[in-house]
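Now for the letters of each chain:
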Amino acid sequence: MIVGGRVVAPDRVLDDGWLAIAGDKIVQVGSGAPPDIDRVDVDGCLVVPGFVDTHCHGGGGGSFSSANPEELYRAVRAHRRHGTTTMLGSLVSDPIPVLRDQIAALRELVQEGELAGIHLEGPFISKARCGAHDPATLIEPDTATVNALLTAGRGDIRMVTLAPELHGGIKAVRQLAESGVIAAIGHTDGVEDQIIPAIDAGASVATHLFNAMRPLHHREPGPIGALLDDERITVELICDLVHVHPTVLRLAAHHAGKGRTVLITDAMSATDAADGSYILGRLEVDVRDGVATLAGNGSLAGSTLTMDAAFRNLVRGAGIDLLDAVRATSGRPAELLGLADRTGSLRAGLAADVVVLDRDLRPVKVLRQGEWVEDEAAATLSATAPLSGAVEGGVSVSDG
């Protein structure tokens, strides 16, 4: 039993709420007097579903592009400590043989259940909007190359980001959609008339809306206007308050609504690690005060964001209410990945993926598939004992 918290259920916040957990599953959710079984008292903390991150390149000093298995696991562990219980491993653009090797390495983590799948961000993206991707690795999509990457993934590639205005782009979108892979539009310099046909062909996600794409203009809405205004598109937002201003985040989240808004980290290896010099794909990145930029030109190069910080920023920085913030960090991304029958909300029958947040909305403890995630920096929760010293007076966040 997890008792004494404010439990964010799918449709409301349960004050004095509780969760009953058996093995790796939630078996009951309620409020008031809980059943008299072994209890973990979270002493007024906020209890939310485990976070689901559909776009992450690494963390803890480890990169998902690495050939070193220890780096891959280190990246997963870094984000898990911050409450991410389900995630895709994202790869930046590289030559196709290199990508095949990277896919093979990440497949091991997918098969072990450490990752929910693989996201290829490139190499089919615009050189004009390549951001932190090496322009020398970018190519136009063709049927054989797309098929080669999907074959290497053996069903574990869940999403591919591409620029549909490239030669062969619309055909590639259709090929991905027909293969059961999410076709995401991003790193694009396309105009609206090039984006709409891609949506019609099956594209369903906007990769980090606003970033690395042609800007919105009142006479040419471009990808931002087309993607944000189309009900078929789920929009990713990097909610570090650096990539996108809080007012713009709020505008986008309000327009897309809780059914189409997904927060991502787009995190690179410097996440949950020290400032310094890092490599993202093939490019050198400088990290200063937690902001990652390309060493060559100062362009933003991914983020050092974690999902708990994204959640805090959406609630505190952009003024989005708790229920919608939970949808954006857990419920909707789980639906997007086809995992809503397993995780993404606190309801009976789903995985016991739970994050306990203090009144500053920082993780105190993380439960993944019914097991506490070990973290020396976190407070210790012991059965039948209250959470000592973690909060004073409960969570000071309104669910309205």
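Quantities reported herein were computed from a predicted structural model and do not represent experimental measurements. Here the residue numbering is sequential within each chain, running from 1 through the sequence in written order. Where totals are concerned, whole chains, interfaces and linings use all residues; where local detail is concerned, this predicted model gives features only for residues with pLDDT of at least 70, and gives and counts side-chain atom pairs only at 80 or more. Based on all heavy atoms of the structure, the side-chain values leave hydrogens and waters out of the count.

Comments concerning the sheet that holds strand E16 (residues 276–280)
Rules: When DSSP finds two or more bridges between a pair of strands, those strands are recorded as paired. The secondary structure listing takes helices from DSSP runs of H or I that are at least 4 residues long and strands from runs of E that are at least 2 residues long, numbered from the N terminus. Helix axes use the C-alpha atoms of the stretch in contact, all axes being lines fitted to C-alpha atoms, and the angles between their N-to-C directions lie in the range 0 to 180 degrees.
Taking strand neighbours across the sheet as the criterion, the 3 strands line up as E16-E17-E18 in an open arrangement whose pairing is antiparallel. The two strands at the open ends of the sheet, each matched to only one other strand, are E16 and strand E18 (291–294). Averaged over all neighbouring strand pairs, the angle between strand axes comes to 35°, with direction disregarded. In this sheet, E18 lies alongside strand E17 (residues 283–288) in antiparallel orientation, the contact comprising 4 bridges. Its bridge partner lying in E18, Asp286 is registered against Thr293.

So, the pattern of salt bridges
Formally: A pair is scored as a salt bridge if a Lys or Arg side-chain nitrogen falls within 4 Å of a carboxyl oxygen belonging to Asp or Glu. Residue exposure (1.4 Å probe, protein chains only): buried if accessible area is under 20% of the type maximum, exposed if over 50%, otherwise partly exposed.
With the rule as written, the count across this model stands at 18 salt bridges. As a salt-bridge pair, Glu114 and Arg80 come within 3.0 Å of each other at their nearest N and O atoms. Placement of Glu114 in the loop between helix H2 (96–111) and strand E10 (117–121) and of Arg80 in helix H1 (residues 69–81) is noted, with a sequence separation of 34 residues between them. Given a relative accessible area of 11%, Arg80 falls into the buried group.

Quick word on the UniProt feature "binding site: substrate" (unreviewed entry) in the protein
Under the convention used in this document: UniProt positions are given in the numbering used here, feature names are shortened, and annotations may be inferred rather than shown by experiment. For cavity detection a 1 Å grid was placed over the protein atoms alone, and a set of points counts as a cavity when a 1.4 Å probe fits there but cannot get out; an open set counts as a pocket when protein lies on both sides within 12 Å along at least five of seven lines, with lining residues being those that have an atom within 4 Å of a point. Pairs of residues are marked as contacts when any of their non-hydrogen atoms sit within 4.5 Å.
Within the UniProt annotation, "binding site: substrate" (unreviewed entry) is assigned to Ala132, Asn211, Ala212, Arg219, His243, Leu300, Ala301 and Gly302. Considering the C-alpha atoms alone, the annotated residues occupy 171 residues of sequence and remain spread out, their largest mutual distance being 29.4 Å. Lining the second largest pocket, from this annotated set, are Ala132, Asn211, Ala212, His243, Leu300, Ala301 and Gly302. Residue placement: His243 occurs in the loop between strand E14 (234–238) and helix H7 (246–256). What makes His243 buried here is its relative accessible area of 12%. The residues contacting His243, other than those within four sequence positions of it, are Asn211, Ile238, Leu300, Gly302 and Ser303.

Overview of the packing of aromatic side chains
Definition in use: Any pair of Phe, Tyr and Trp rings, taking the six-membered ring for Trp, is counted once the centres come within 6.5 Å. Such a pair is stacked with planes under 30 degrees apart, edge-to-face with planes over 60 apart, and tilted for the rest.
Applying the stated criterion to the full structure yields 1 aromatic pair. Ring plane angle 40° and centroid distance 5.9 Å describe the contact between Phe51 and Phe311, whose orientation is recorded as tilted. Pair noted here: Phe51 is in strand E6 (residues 51–53) and Phe311 is in helix H8 (residues 307–317), with a separation of 260 residues, a long-range link. Of the two residues examined, Phe51 and Phe311, each falls in the buried class.

Some points on the layout of surface pockets
It is the rolling of a water-molecule-sized probe over the atoms that shows where space remains empty. The test is simple: Grid points are joined across faces, edges and corners, and a volume is the space filled by probe spheres set on the points. As used throughout, domain bounds are those supplied by an automatic or database domain assignment. Think of it as three bins: nonpolar holds Ala, Val, Leu, Ile, Met, Phe, Trp, Tyr, Cys and Pro, charged holds Asp, Glu, Lys and Arg, and polar takes everything else, Gly as well.
Its boundaries defined by the atoms lining it, the largest pocket holds a volume of some 450 Å³. Surrounding the largest pocket, 25 residues form its lining, Thr86, Ala116, Leu339, Arg342 and Gln369 being those nearest its centre. For the lining of the largest pocket, the leading source of residues is strand E9 (residues 84–91), giving 3 residues. Residue contributions to the lining of the largest pocket reach at least three from each of two domains, namely domain 1 (1–49 + 344–374) and domain 2 (51–341). For the second largest pocket, the calculated volume is near 260 Å³. Lining the second largest pocket are 18 residues; nearest its centre among them are Gly131, Ala132, Ala212, Leu300 and Gly302. In the lining of the second largest pocket, the residues fall into 7 nonpolar, 9 polar and 2 charged.

A word on the packing of helix H3 (residues 143–153) against helix H4 (residues 169–178)
Basically, it comes down to this: An angle counts as roughly parallel when it lies under 35 degrees, as roughly antiparallel when it exceeds 145, as roughly perpendicular when it falls between 65 and 115, and as oblique in every other case. Left-handed describes a crossing in which the near helix is turned anticlockwise from the far one by less than a right angle; the clockwise case is right-handed.
Relative to each other, H3 and H4 sit at 30°, their axes nearing to 10 Å. The angle between H3 and H4 places the two elements in the roughly parallel class. Of the two elements, H3 crosses H4, and the hand of that crossing is right-handed. For the pair H3 and H4, the contacting residues are Thr143, Val146, Asn147 and Leu150 in the first and Lys171, Ala172, Gln175 and Leu176 in the second. Residue composition of the contact of H3 with H4, by class: 4 nonpolar, 3 polar and 1 charged.

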